Every structure is written in C-alpha cells, then in structure tokens.
Amino acid sequence: MEFTAKQIAEFVQGKVEGSEDAAVHTFAKIEEGVPGAISFLSNPKYTHYIYETRSSIVLINEDVELEKPVSPTLIRVKNAYECVARLLQLYESMKPKKSGIDPLASISPNAKIGENVYIGAFAVVGDGAVIGDGTQIYPHTVIGEGVTIGDNCLLYPNITVYQGCKIGKNVTIHAGSVIGADGFGFAPNAEGYDKIPQIGIVVIEDDVEIGANTCVDRSTMGQTIIHKGVKLDNLIQVAHNCEIGENTVMSAQVGLAGSTKIGSWCMVGGQAGFSGHIKIADKTFIGAQAGVISNTKSGQQLIGSPAIDPKVFFKASAIYKHLPEMYQQIAQLKREIEELKKK
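Residues numbered from 1 in each chain as written. Predicted model: local features only at pLDDT ≥ 70, side-chain atom pairs only at ≥ 80, totals over all residues. Heavy atoms only, no water.

1. Digging into the nonpolar core
Then comes step 1: In terms of nonpolar packing, the biggest core is built from 49 residues, with Ile143 and Phe274 touching the most fellow members.
Then comes step 2: The residues contacting Phe274, other than those within four sequence positions of it, are Val254, Gly255, Leu256, Ala257, Thr260, Ile262, Val268, Ile280, Ile286 and Val292.
Then comes step 3: One finds Ala5, Val24, Leu59 and Val84 within the second-largest nonpolar core, a separate group that totals 16 residues. (Core = buried A, V, L, I, M, F, W, Y, C linked by side-chain atoms within 4.5 Å. Buried < 20%, exposed > 50% of the residue type's maximum accessible area, 1.4 Å probe, protein only. Contact = heavy atoms within 4.5 Å.)

Following this line, the structure appears as structure tokens:
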C-alpha cells in the first residue's frame, strides 16, 4: 500500500516541501534510506544524512535549517519523532489480525471466549477464564483458571498468566513473560524456611505493554498493580505487592523489591534497583544502574548507588579516579605529621 506526501502531511498536520505526489510504501532509517521509503530526522547528530539519503520522503522538525538543497521531499512537522510513531501505529493497525481458534488449542468448556479472538496451537485457556473481543493469544501461551483478559489484547508465545489475574484492554505482553507467579515470601525457622502462601493476584490495567521475559509476581494478599499506560521493557522483575503508577516507563533489567510503590509518569533507566517498602513520587527520574533505598520527592532526579542527585554524583565521580593518588598524599602527610610530633 502506498501513501503520497500530501496524504501523509494531512495525517500528521505537516507542510510539504517538494513533490506532493512523492509516494512511499515502507519505512527506513535516514542513513539506510531507499527509494519508496519514508524516514525521519529528529536528532541533530543525524542531520548530515539528509543530504545523502535515498529515501523518497523525510519527516523533519519545522525549525531545522538546512545548509543546502536535498533530494527527498520533506514534510515539516512540530515533532518528527512523535509523527513517525503515529505513522508506525497506523501502519501496524493496517496489518490483518489473526483470528480463529486452532484445533490444537486446549480451551476449557467453562471459559468464555469473545468475538474475533485468535488462539494459537497448543495454547491453553483454563476453567472460568474470560477472553475479550479481538484478543490474540499466540501458541504455547497458558491462561490460568479464572483469568480475565480484556478486549484487543496481544499475548505472544510462551506467556504464562497464573490463576485469577486480571488484564485490561489493549494490553500487549511479549514472549516468555510470567504474570502472577508466587512472590518471594519465606519465613526462616530453625530448620530452614517456611513458604508463605501468596494468595493475591496481579492486576494489569488498560494500555500497558510488557516486554519479553518480564515477571510480575502475585501479591501475598491483595494485588500487585500495573496501572494504565505503563510500559515495561524486557527482563524486568516486579515483586509481590508492588504498584506502578500510570504512564511510568522502565528500561530493561529493572528490579523492584516487594511492596515498592512507583508513582505516575516516572522514568527508570536500565538495571536500576529499588528497595522494598519505599514510595517513589510522581515524575521521578531514576538513572541507569541506580540503587534507590528511600522515598523520593516529585520531580526528583537520582543516579548512582545509593541513588543521589546527579550533580553530586558527577562531582563525586570526578574525584573517584583521583582517590589512589589522594590516598598516597594523605599517607605522606601522616608520616610528615608523625615526624613533626617526634621533633
């Protein structure tokens, strides 16, 4: 399917510079552009590619000033990165959705299956489960007893959703993720550890996306909650009784200990870790590999382990590399002081 520059500009509310009839049928990075592709330029570091790209159309911010003419047709917009995201969403929505139930799927007669649902080969849907309209469940995914999944969800292969968990509408969960496994609860005794039964559930609200091989543990009692609009990357651990606020995003390998409460609109870098039973305020920015051990204030930025203000962290980091010579200097000063004391 092809789209012209004029059609695209109307969709993204942009202004065409060049041929309105320039047509594209695919996407490409600006440095890898080919005829018939649309690219975008939002990072100034990539500006030089616009003079050599072979893409037919390039989305560009309206405030970018070019030093010389370019061959592709330009569509100037307020935010090129945001516009290409909208175009990719449109492109994805136009792909035909899978539907139908594979004869090799195992579905309980007590499960309730909505309309236009796809359930792939060797997928399992347990007793009392409810699958909403338009939801797609790929092969080898297991939906436990009493699980509720809303409309238009997408569950890729090899996902396990344990009994009783609840998933809202428009949720995407990528391959290998586990929703509702037992939280890590053990009570020490004289001979070892007694397991504390985890009798709660996981609740995932609407418009959430969860990356591959991420685990969200069920609560000891009550609910582990992933609120609306949250985006979790691959390989994230969300422990029992945690709560993640609306529209918070987390990069890969983040770890939340039990009962951590994360606010709304937070941004968390890769490999950051959180102590249990702490509260992270709304719009907190946590840098990569940060170790957060206490409550935060709204709008706070933290980095390092233990996590501190970035300005303090970078000052300390600048000193860190000089510690060996500083140690030698201090040792020398101590020797000189001792000699002065003897005199």
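2. Quick notes on the pairing of strand 24 (residues 201-204)
Then comes step 1: Every second residue of strand 24 is oriented toward a common face, with Ile201 and Val203 on one face and Val202 and Ile204 on the other, all of them buried.
Then comes step 2: Of the strand pairs in this sheet, strand 19 (residues 166-167) and strand 24 are connected by two bridges, and their pairing is parallel. Residue Ile167 lies in a different strand from strand 24, and its bridge partner there is Ile204.
Then comes step 3: Across four bridges, strand 24 lies against strand 27 (residues 223-226) in parallel orientation. (Helix = DSSP H or I, 4+ residues; strand = E, 2+ residues; numbered from the N terminus. Pairing = 2+ DSSP bridges.)

3. Here we look at the packing of helix 1 (residues 5-12) against helix 2 (residues 80-93)
Then comes step 1: Contact geometry of helix 1 with helix 2 gives a least axis separation of 10 Å together with a crossing angle of 110 degrees. By the criterion of interaxial angle, the relationship of helix 1 to helix 2 is roughly perpendicular. Note on element contacts: helix 2 touches helix 1 through Cys83, Arg86, Leu87 and Leu90, opposite Ile8, Phe11 and Val12.
Then comes step 2: Looking at the contact of helix 1 with helix 2 residue by residue, the classes come out as six nonpolar, no polar and one charged. (Axes fitted to C-alpha atoms, helices over the stretch in contact; angles between N-to-C directions. Parallel < 35°, antiparallel > 145°, perpendicular 65-115°, else oblique. Nonpolar A, V, L, I, M, F, W, Y, C, P; charged D, E, K, R; others polar.)

4. With respect to the pattern of salt bridges
Opposite charge on two side chains makes pairing possible when the charged atoms of those side chains draw close.
Then comes step 1: Inspection of every chain in the model, using the stated rule, returns four salt bridges.
Then comes step 2: Measuring nitrogen to oxygen at the nearest pair gives 3.3 Å for the salt bridge that ties Glu92 to Lys95.
Then comes step 3: For Lys95, a relative accessible area of 41% gives the class partly exposed. (Salt bridge = Lys/Arg side-chain N within 4 Å of Asp/Glu carboxyl O.)

5. Some words on the sheet that holds strand 12 (residues 124-125)
Backbone-to-backbone hydrogen bonds join strands into a sheet, with any given pair of strands oriented parallel or antiparallel.
Then comes step 1: The parallel open sheet is built from 10 strands, whose spatial order is 9-12-15-18-21-26-29-32-35-38. Bordering the open sheet on either side are strand 9 (106-107) and strand 38 (291-292), each of which pairs with just one other strand.

6. Some points on the pairing of strand 23 (residues 192-195)
Then comes step 1: Alignment of strand 22 (residues 186-189) against strand 23, held across four bridges, turns out to be antiparallel. Opposite Asn189, over in strand 23, you have Gly192 as the bridge partner.
Then comes step 2: The antiparallel pairing of strand 22 with strand 23 creates a hairpin that spans two residues between the two strands.

Distances and angles like these do not, on their own, reveal function.
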